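Take a look at the letters that make up each chain.
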Amino acid sequence: MDELEIGDTFEIWNEDNQSFEYKITEIASIEPTDLSLLRKEEGKTQVTLITCENYSTKRLLVKADIEK
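Reference entry: report on the structure contained in this document. It should be emphasised that the depicted structure is a prediction, and the values quoted were computed from it without experimental measurement.

## Re the nonpolar core
- If you look at the biggest cluster of nonpolar residues, it comprises seven residues: Phe10, Tyr22, Ile24, Val47, Val62, Ala64 and Ile66.
- Looking at this core, the elements that each hand over two or more residues are strand E2 (19-30) and strand E4 (58-66).
- By residue number, the principal contributor to this core is E4, which donates three residues.
- Beyond its immediate stretch of four places on either side in the chain, Tyr22 contacts Asp8, Thr9, Phe10, Ile12, Thr45, Gln46, Val47, Ala64, Asp65, Ile66 and Glu67.

And the structure:
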């Protein structure tokens, strides 16, 4: 995930074999206790990806909106 950039796209497949394309809108390195960027924005279909970084002292957050 550390190689992704704002504007990149990726697909998520559901159990019915449908694919949905998402476009990255935000990337942030946050404290493990920071939940402020996890809030859903009204009227948007979004996905938020989170992983550990910096020896698990930080979290890498990638937020993306569905492409319609």
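After that view of the structure, there is still more to cover.
## Here we look at the sheet that holds E4
- Spatial strand order, E1-E2-E4-E3: four strands in an open sheet with antiparallel pairing. The open sheet has two free edges, formed respectively by strand E1 (9-13) and strand E3 (46-53), since each of these has just one partner strand. Sheet twist, expressed as the average angle between the axes of neighbouring strands with direction ignored, equals 35 degrees.
- Strand direction decides the pairing type here: E3 and E4, joined by eight bridges, are antiparallel. Bridge pairing in E4 places Val47 opposite Ala64.

Rules used throughout
- Residues numbered from 1 in each chain as written.
- Predicted model: local features only at pLDDT ≥ 70, side-chain atom pairs only at ≥ 80, totals over all residues.
- Heavy atoms only, no water.
- Core = buried A, V, L, I, M, F, W, Y, C linked by side-chain atoms within 4.5 Å.
- Buried < 20%, exposed > 50% of the residue type's maximum accessible area, 1.4 Å probe, protein only.
- Helix = DSSP H or I, 4+ residues; strand = E, 2+ residues; numbered from the N terminus.
- Contact = heavy atoms within 4.5 Å.
- Pairing = 2+ DSSP bridges.
- Axes fitted to C-alpha atoms, helices over the stretch in contact; angles between N-to-C directions.

Fair warning: the whole summary comes from geometry, so function is off the table for now.
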